[in-house]
Structures are given as C-alpha cells and as structure tokens.
Amino acid sequence: MLRALYNWTLSLAESRYALWALAFVSFAESSFFPIPPDILMIPMILARPSKAWLIALVALVASVLGAFLGYYIGAGLFETVGRPVLEFYGKDAYFDEFAARYNEWGAWAVLMAGITPFPFKVITILSGSTGLSLTIFTIAAIIARGLRFFIVAALLWKFGAPIREFIEKRLGLMFILFVVILFGGFYVVKFL
C-alpha cells in the first residue's frame, strides 16, 4: 500500500496538475490543513530536478497567501473559527497568557513555526488574533517559508538521485520518520 501511494505521488508530481496540487496543499497547510506541502514537494523535485526552484517558489507563494488566510481567521473569525481550531490543538486555555507576550516575540514565533515541523497554521491564527503587525508577520512568513522550501529544493536539486534511491530503498522507514515528525509537531503544540 505504501509503495502504491508513493508511486501515485510520484505520478502526480510528474503530471501537468502537480504545481496546482502543490499550491493548494501549501495554501491550505498554512491556515487549516494538517499535512505539510513537503509530502508533494519532495517527490515533485525528485521527479523533475530542473524545476526545483519553480516548485519551491510555488510552495512559498501559496504558503504565504495561506498564512494570510490563517491571519484573517485569527483576526476576523477568532471566536467562530479560530477558537475551535485552537481547541482542536489544545491551546485555547493558554490563549490569554500567550497573547500578552506574543506581540513581543511574534516575529520569532512565525520564523520558528515556518521552518520547523511545528504546525504553521497555529501561529498564523494566533498572529491574527493577537494583532501582530501584518508587516512583521508577512516578512517573517516570507523568510521562514522561503528558507524551508528553498533549502529543501537546493538539497534535492544537488543530491536528488542518491536521496531518491535512499528513500525508495527505505520507504517504510521514511514513512515512519515522516509520521513521527508530523505527530511530534502536533505533540509540541498540544503539550508545550
């Protein structure tokens, strides 16, 4: 099953709709979707290394646009939409305490969440709900997501064939590692 899913993802990565799918996942992940765009970005670059920079750029632009939706959810729809999302991640009880300190350190929070497996959507919503400067938010989101996506693109562009071979030989291990990192990010949100 895992091999079939991997092969399907590679075939999607080679299709003419790949960039649109990546844009949708990148946009959605920044505001409400739990799966990171790397799940599409990595096989897309492995399938077409010559398009690595375009793929990273699409992921960056769509992710930052999705971050604006997350910001809007926090700013304009916090009580009806934002609070339930925070409740899902177990962060609603800490909001008032967090909001008091957030604007002082908000740019760093956006940078860290944008680069790491920490769910970026939590930070985009909190940034809007606490009123973090939209300029600071935008600059931090562009830097963080740009670093994340372009570093991945550069590594895959440079070392793509050996990385692809490594992934394909250890597909089960790579899947387990991905799941551990994904759930680790959610664990950090829930319990820290």
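Refer to the structure printed above.
Analysis parameters
Residues numbered from 1 in each chain as written. Predicted model: local features only at pLDDT ≥ 70, side-chain atom pairs only at ≥ 80, totals over all residues. Heavy atoms only, no water. Core = buried A, V, L, I, M, F, W, Y, C linked by side-chain atoms within 4.5 Å. Buried < 20%, exposed > 50% of the residue type's maximum accessible area, 1.4 Å probe, protein only. Helix = DSSP H or I, 4+ residues; strand = E, 2+ residues; numbered from the N terminus. Contact = heavy atoms within 4.5 Å. Expected span 1.5 Å × (residues − 1). Salt bridge = Lys/Arg side-chain N within 4 Å of Asp/Glu carboxyl O.

K.L.:
So what's going on with the nonpolar core? Which residues, and what values?
P.N.:
Grouped together as the largest cluster of nonpolar side chains are 25 residues, with contacts concentrated most on Leu22, Leu40, Met41, Met44 and Ile45. Elements that contribute at least two residues to this core include exactly helix H1 (2-14), helix H2 (18-29), helix H3 (38-47), helix H4 (52-76) and helix H8 (134-169). Per-element accounting of this core gives the leading share, eight residues, to H4. Discounting residues that sit within four places of it in the chain, methionine 41 has contacts with Leu22, Ile55, Ala56, Ala59, Phe149, Val152 and Ala153. Counting 13 residues, the second-largest nonpolar core is a separate cluster that includes Ala67, Tyr71, Ala140 and Ala141.

K.L.:
An account of H2 is requested, with residue identities and associated values reported.
P.N.:
The terminal C-alpha atoms of H2 lie 16 Å apart, and with twelve residues this matches the ideal 16 Å at 1.5 Å per residue to within 8%. Restricting attention to buried positions, one finds in H2 the residues Ala18, Ala21, Leu22, Ala23, Val25, Ser26, Ala28 and Glu29.

K.L.:
Tell me about the pattern of salt bridges, and name the residues and values.
P.N.:
This model, assessed by the stated rule, comprises two salt bridges. Glutamate 29 is the partner of arginine 145 in a salt bridge, and the nearest nitrogen-oxygen pair spans 2.3 Å. Here arginine 145, found in helix H8, pairs with glutamate 29, found in helix H2; they are 116 residues apart in sequence, far enough to count as distant. Of the two residues, arginine 145 and glutamate 29, both sit in the buried class. With a shortest N-O distance of 2.4 Å, arginine 148 and aspartate 38 are connected by a salt bridge. Of this pair, arginine 148 sits in helix H8 while aspartate 38 sits in helix H3; the two residues are 110 residues apart in sequence, bridging distant segments of the chain.

K.L.:
Account for H3, naming residues and giving values.
P.N.:
Within H3, eight of the ten residues are buried, which leaves the element mostly enclosed by the surrounding structure. Within the span of H3, buried status applies to Asp38, Leu40, Met41, Pro43, Met44, Ile45, Leu46 and Ala47.

K.L.:
Residue-level account of the environment of leucine 69, with values.
P.N.:
Residue placement: leucine 69 occurs in helix H4. For leucine 69, a relative accessible area of 28% translates into the label partly exposed. Placed 37 residues apart in sequence, leucine 69 and phenylalanine 32 show a C-alpha to C-alpha distance of 9.0 Å. For leucine 69, the contacting residues outside a window of four places in its chain are Phe27, Ser31 and Phe32.

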